[in-house]
Amino acid sequence: MGQRASYTREITTDMIRAFSDLSGDRNPLHHDEEYARSTVFGRVVAQGMLTASLISTVLGTVLPGPGSIYLEQYLKFTRPVYPGDVVTAEVEVTEVSERGNRAFVTLRTTCTNERGEVVIDGWAKVLVPIGD
């Protein structure tokens, strides 16, 4: 327990557009500057799930890593992410429960921007195969 891993990525306008194309999320808040100026955010923001996908990157590639199976995720979106923000997704193991050849791993999950502000806070549970 206590193991940590992270992944950092700049969120770009191209990523926001691509995520809209992939997900079908056509909310004008994510691509229409004029519309976005009229909202509480004052400009275009990234989709929350685009930012949250950085957590999935950590879980599936670093900690616990390849072979991990996402079981649950709780996300609290605390601040907007704007094009050009550099976001770091970090996971920390808080609990491990082994059952046979499987481990159920609970992790605290956070995403922060380059200013150190938490933009997503939450937790995840993954299943990890262990041994044969």
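Structural data are supplied above this passage.
If you're wondering where the values come from, they're calculated on a predicted model, not measured in any experiment. (Residues numbered from 1 in each chain as written. Predicted model: local features only at pLDDT ≥ 70, side-chain atom pairs only at ≥ 80, totals over all residues. Heavy atoms only, no water.)

(A) View of the environment of glycine 2. Locating glycine 2 in the fold gives a position in the segment before strand S1 (4-10). Since its relative accessible area comes to 35%, glycine 2 is described here as partly exposed. Taking the C-alpha atoms as reference points, glycine 2 and isoleucine 69, separated by 67 residues in sequence, lie 20 Å from one another. (Helix = DSSP H or I, 4+ residues; strand = E, 2+ residues; numbered from the N terminus. Buried < 20%, exposed > 50% of the residue type's maximum accessible area, 1.4 Å probe, protein only.)

(B) Spatial organisation of the nonpolar core. Counting 28 residues, the largest nonpolar core has Ile11, Ile55 and Val91 as the members making the most contacts within it. Taken together, the elements giving at least two residues each to this core come down to helix H1 (13-23), helix H3 (48-61), strand S3 (86-99), strand S4 (102-112) and strand S5 (118-129). Considering each element in turn, this core owes the most residues, 6 residues, to H3. Not counting residues within four places of it along the chain, the set of residues in contact with isoleucine 55 comprises Tyr70, Gln73, Leu75, Ala89, Val91, Thr109, Cys111 and Ile120. Of all hydrophobic cores here, the second largest spans 5 residues; its members include Ala36, Val44, Val45 and Tyr82. (Core = buried A, V, L, I, M, F, W, Y, C linked by side-chain atoms within 4.5 Å. Contact = heavy atoms within 4.5 Å.)

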